[in-house]
Amino acid sequence: MELSGAEIVVQALKDEGVEIIFGYPGGSVLHIYDALFQQDDIHHVLVRHEQGATHAADGYARSTGKPGVVLVTSGPGATNAITGIATAHLDSIPMVVLTGQVPSALIGTDAFQEVDTTGISRPCSKHTFLVKRVEDLAETMRKAFYIATTGRPGPVVVDIPKDITDPTVKIPYEYPRNLKMRSYSPVKKGHLGQIKKAVELIYNAKRPIIYSGGGVVIDNASGSLIDLARELGIPVTSTLMGLGAYPASDSQFLGMLGMHGNYEANMAMHEADVLIAIGARFDDRVTGHIAHFCPQAKIIHIDIDPSSISKNVRVDIPIVGSVKDVLNDMLRIIRESGREIDNDGLTSWWERIEAWRGLGCLCYEQSDEVIKPQFAIETLYKVTGGDLYLTSDVGQHQMFAAQFYKFDKPRRWINSGGLGTMGFGLPAAMGVQMAHPDKPVACVTGEASILMCIQELATCKQHGLPIKIMLMNNGYMGMVRQWQEMFYEGRYSHSYVDALPDFVELTKSFGHVGMRVTKPSDLEAAMQEAFDRKDELVFLDIVIDPTENVYPMIKAGKGHHEMAMSPALKQGDQR
Amino acid sequence: MKRHIISLLMENEAGALSNVSALFSARGFNIESLCVAPTDDPSLSRMTLVTTCSETVFEQITKQLNKLIDVVKLMDLSEGDHIEREMMLIKVRAEKEMREEIKRLAEIFRGKIIDVSDNSYVIEMTGDTDKLDAFVHVIPEDHVIEVVRTGVSGIARGVKSLTL
Ligand SMILES: Cc1cc2nc3c(=O)[nH]c(=O)nc-3n(C[C@H](O)[C@H](O)[C@H](O)COP(=O)(O)OP(=O)(O)OC[C@H]3O[C@@H](n4cnc5c(N)ncnc54)[C@H](O)[C@@H]3O)c2cc1C
Ligand SMILES: Cc1ncc(C[n+]2csc(CCOP(=O)(O)OP(=O)(O)O)c2C)c(N)n1
Ligand SMILES: [Mg+2]
């Protein structure tokens, strides 16, 4: 088969099994767009801003486990994509970003729409390629997908100068299926000796806890995690990124840990004698002050990326490998040994945990007048029966969703944790909805966040994406306001979101359904109506209490055991 | 804090060198010298990198370097017996009685004078970092015109080697 560079790009995508790509055309990718035009296998979703393309591809990837694919032009197309690339990078999301580049001969001349794309994206991607010869194109595409999806996944950028895709230059095409790279060979299997040591430690534990993270979701290892936790009967807490990998409605689950995690989860971390960290990276939002972190615990850490291990916290038993392989080996060793876990010890551990749980750290003051954000998420959970793909933007609403929506399955909670990118929610929901056309998909957002990628409402219209947007409208950059209230004596510097549009009218102008709800008593019916409108995008402007704060909270410099609790707790549980 | 010499093999490809140097700046790692050239296998480059840091940071440096897609293999030379060498070209003012004095100093340090003009020499010298430092220091400061150093490159002693 003889193909041009542009055709090779498209054919390689087909050979990778890609069905959907998200993109935006421009001069340096026109040859590729022309090749796309002449085929029907790959569906191209035209976004309204390249940031939207990257977040949409990212949402697609998070909800399916398959790599998201983006196609953008050189210069501003590539720079607009950077935020989304960095977002995917920090959360280890597999993505392949194809960027057009000025013709090879013009590189370095400050040509029209030239930027050093590989240079800009290098620090925020897993790897970058600049294609130098059309003969290298097919192999580079294969490498990009291989690198993006294996080991610790991440975004890979392939920068393609325009001359490489010249439709008049055809070369023989064969897709290199059996790629081997001498410089890149991620391990999967964990070291058995280390795993046995870990099992020994777990058997001798009196107060063990599992701290599970995004790696469990990434590796589709939810089943193995559940098996291990049930086999051992020990408590499980999860990071923001790991939510859903262990069912939230299960009694062994203590909820999220960390800055806005549950009191019981953080206290159990603080008191634990053995910590089993699984696909989690000891982020500073999770550990609190490092000096106070798990003072009594021996730490086992399972991670596929050696550089995640002992980066922030020194661990006692590092196990490099994929979550699934390591957990399955662990389970096999435990089952073959036929040993019993120390049940008496565990019973008293669970008693302490139940006492912490009994405090009800998520309690809030309910109101008849104004909608509380916590109540809004609880209502969303009720209306959707827990069966929902929920994307989020960044801010208080994100934390409330993480705390109050009980995810029982992985890949249902889609949010930007590492970079915390406002503007992520709506385009990510587009990717999720494209991947799951028949499933309910909602985006919880804030009035500040939603405006960062609001243009994508047009994409939703064009492609008929019936996303439900749940706007927690508090009129403030709530998360910023909360910090200013707590740490800057209430000097609310530029955190009031003035001059807001009328979101209902705005949505209508894009051709969608807009609704507003202000009374707690109307909320459930409004949400129900939104989800009943199966084929329409509904934007629900939920006017909520502007002063609500996220609790509990570990403030700067504090440890897990020093959480600030909700004022509502002091007045007794009023839920 | 300890001085480490990292020797690494990487793909001889565009961008590989930038990946390494960008890593050091992005993660705030200190880098004292870096020396790189293709090997006998033209698809591979060999780099020698000197850094002074704590053990924890050094662990991260090696892990992060290994994580780079272009890096094939690396070793910490300073961990075992090794030889390190650096080459220096130094241009010095050499006039009147100093002409003889500098020539004598160069000989003591086993340097070679490779360029001579009426009032200057260029001396070529190899050795470890300390030796080159010492030579620069014995030349009176106002006689040093220009110093060019390659940075350290090194190799393990004995049969131990860094090859594919
Ligand atoms: C406003 C805001 C507030 C936040 N508050 C909190 C909070 O209270 N609590 C909280 O937990 N987070 C919070 N976060 C998120 C936080 O910033 C981090 O993103 C998050 O804690 C990281 O989760 P993780 O450790 O699971 O790592 P991830 O980023 O999900 O990383 C996954 C880890 O798993 C490894 N891995 C990947 N694939 C595999 C595999 N196949 N096998 C084995 N290992 C693998 C990776 O190497 C990596 O180490 C907040 C974020 C925002 C924006
Ligand atoms: C692109 C970007 N800019 C700035 C921030 C800092 N930031 C974090 S939360 C937040 C406020 C978000 O406000 P809103 O979307 O209304 O959500 P709320 O906290 O009110 O629920 C800001 C500005 C960010 N995370 N991302
Ligand atoms: Mg807000």
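Cut-off values and rules
Residues numbered from 1 in each chain as written. Chains lettered and ligands numbered in written order. Predicted model: local features only at pLDDT ≥ 70, side-chain atom pairs only at ≥ 80, totals over all residues. Heavy atoms only, no water. Axes fitted to C-alpha atoms, helices over the stretch in contact; angles between N-to-C directions. Helix = DSSP H or I, 4+ residues; strand = E, 2+ residues; numbered from the N terminus. Left-handed = near helix turned anticlockwise from the far one by under 90°. Contact = heavy atoms within 4.5 Å. Nonpolar A, V, L, I, M, F, W, Y, C, P; charged D, E, K, R; others polar. Core = buried A, V, L, I, M, F, W, Y, C linked by side-chain atoms within 4.5 Å. Buried < 20%, exposed > 50% of the residue type's maximum accessible area, 1.4 Å probe, protein only. Domains from an automatic or database assignment. Buried area = accessible area lost by both parts, 1.4 Å probe. Salt bridge = Lys/Arg side-chain N within 4 Å of Asp/Glu carboxyl O. Donors = N, O, S within 2.8 Å, 3.2 Å for Na, K, Ca; no water. Tetrahedral: all angles 85-135°; square planar, octahedral: opposite > 155°, others 65-115°. Expected span 1.5 Å × (residues − 1). pLDDT = per-residue confidence, 0-100.

S.K.: Let's hear about the packing of helix 1 (residues 16–26) of chain B against helix 2 (residues 55–67) of chain B: which residues, and what values?
M.R.: Residues and elements named next belong to chain B. For the pair helix 1 and helix 2, the least separation of the axes is 10 Å and the interaxial angle reads 145 degrees. At the point where helix 1 passes helix 2, the crossing takes the right-handed sense. Residues Val-20, Leu-23 and Phe-24 of helix 1 form the contact with helix 2, whose participating residues are Ile-61, Gln-64 and Leu-65. Partitioned by chemical class, the residues of the contact of helix 1 with helix 2 number five nonpolar, one polar and no charged.

S.K.: Now, about the nonpolar core: what can you tell me, with residues and values included?
M.R.: Residues and elements named next belong to chain A. Residues Leu-275, Met-330, Leu-390 and Ile-542 are the most contacted members of the largest nonpolar core, which totals 109 residues. It is helix 12 (residues 323–337) that contributes the most residues to this core, seven residues altogether. Inspection of this core shows a minimum of three residues originating in each of domain 2 (192–358) and domain 3 (373–543). By size, the runner-up hydrophobic cluster in this structure holds 43 residues, among which are Val-45, Ala-57, Ile-82 and Ala-429.

S.K.: Quick rundown of the interface of chain B and chain A? Include the residues and the values.
M.R.: If you look at the interface, chain B gives 21 residues, while chain A gives 17 residues. Surface buried jointly by chain B and chain A totals about 1500 Å² across both partners, of which 48% is contributed by carbon and sulfur atoms. On the chain B side of the interface with chain A, the three residues burying the most area are Gln-60, Lys-63 and Ile-69 of chain B, jointly 38% of the side's total. The interface formed by chain B and chain A holds three salt bridges in total.

S.K.: An account of the coordination of the magnesium ion (ligand 3) is requested, with residue identities and associated values reported.
M.R.: Tetrahedral metal sites with four donors have an ideal angle of 109.5 degrees; octahedral sites with six donors have ideal angles of 90 or 180 degrees. Residue and element names in this part refer to chain A. Protein-derived ligands of the magnesium ion (ligand 3) are Glu-447 (OE), Glu-447 (OE), Asn-474 (OD1) and Tyr-476 (O), with the metal-ligand distances lying across 2.1 to 2.7 Å. Taken together, the six donor atoms surrounding the magnesium ion (ligand 3) define angles of 51 to 175 degrees at the centre, an arrangement classified as irregular. One chain supplies every donor for the magnesium ion (ligand 3), spaced along it as E-x26-N-x1-Y. Residue Asn-474 is classed as buried on the basis of its relative accessible area of 10%. A relative accessible area of 21% means that Tyr-476 is categorised as partly exposed.

S.K.: An account of helix 6 (residues 137–149) of chain A is needed here, citing residue identities and associated values.
M.R.: Residues and elements named next belong to chain A. Between the first and last C-alpha of helix 6 there are 18 Å, a value that for 13 residues agrees with the 18 Å anticipated at 1.5 Å per step. Looking at helix 6, one finds that the buried residues are Leu-137, Ala-138, Thr-140, Met-141, Arg-142, Lys-143, Ala-144, Phe-145, Ile-147 and Ala-148. Among the structural elements, helix 1 (5–15), strand 4 (68–72), strand 5 (95–101), strand 6 (127–130) and strand 7 (155–161) are those in contact with the buried residues of helix 6. Backbone geometry just after helix 6 places Gly-151 at a positive phi near 60 degrees.

S.K.: Provide a residue-level description of the confidence of the model for chain B, including the pertinent values.
M.R.: Per-chain confidence: chain B averages 96 in pLDDT, with 100% of residues scoring 70 or above. For chain B, the element scoring lowest by mean pLDDT is helix 1 of chain B, at 94; strand 7 (residues 120–127) of chain B scores highest, at 98.

S.K.: Break down the domain arrangement of chain B for me, with residues and values.
M.R.: Residue and element names in this part refer to chain B. By the assigned domains, chain B splits into domain 1 (2–79) and domain 2 (83–153). The straight-line distance from the C-alpha centre of domain 1 to that of domain 2 is 29 Å. Contact with domain 1, which involves seven residues of that partner, is made by six residues of domain 2. Taking both sides of the interface into account, the surface hidden between domain 1 and domain 2 amounts to around 460 Å²; carbon and sulfur atoms contribute 56%. Run the count over domain 1 and domain 2 and you get one salt bridge. Here Glu-84 ties to Arg-3 by a salt bridge, and the two come within 2.8 Å at their closest N and O atoms. Secondary-structure elements contributing two or more residues to the side of domain 1 that touches domain 2 are strand 1 (2–11), strand 2 (33–38) and strand 3 (44–53). Sort the elements by how many residues they give to the side of domain 1 that touches domain 2 and strand 2 lands first, with three residues. Of the residues that constitute the side of domain 1 that touches domain 2, the class distribution is four nonpolar, two polar and one charged.

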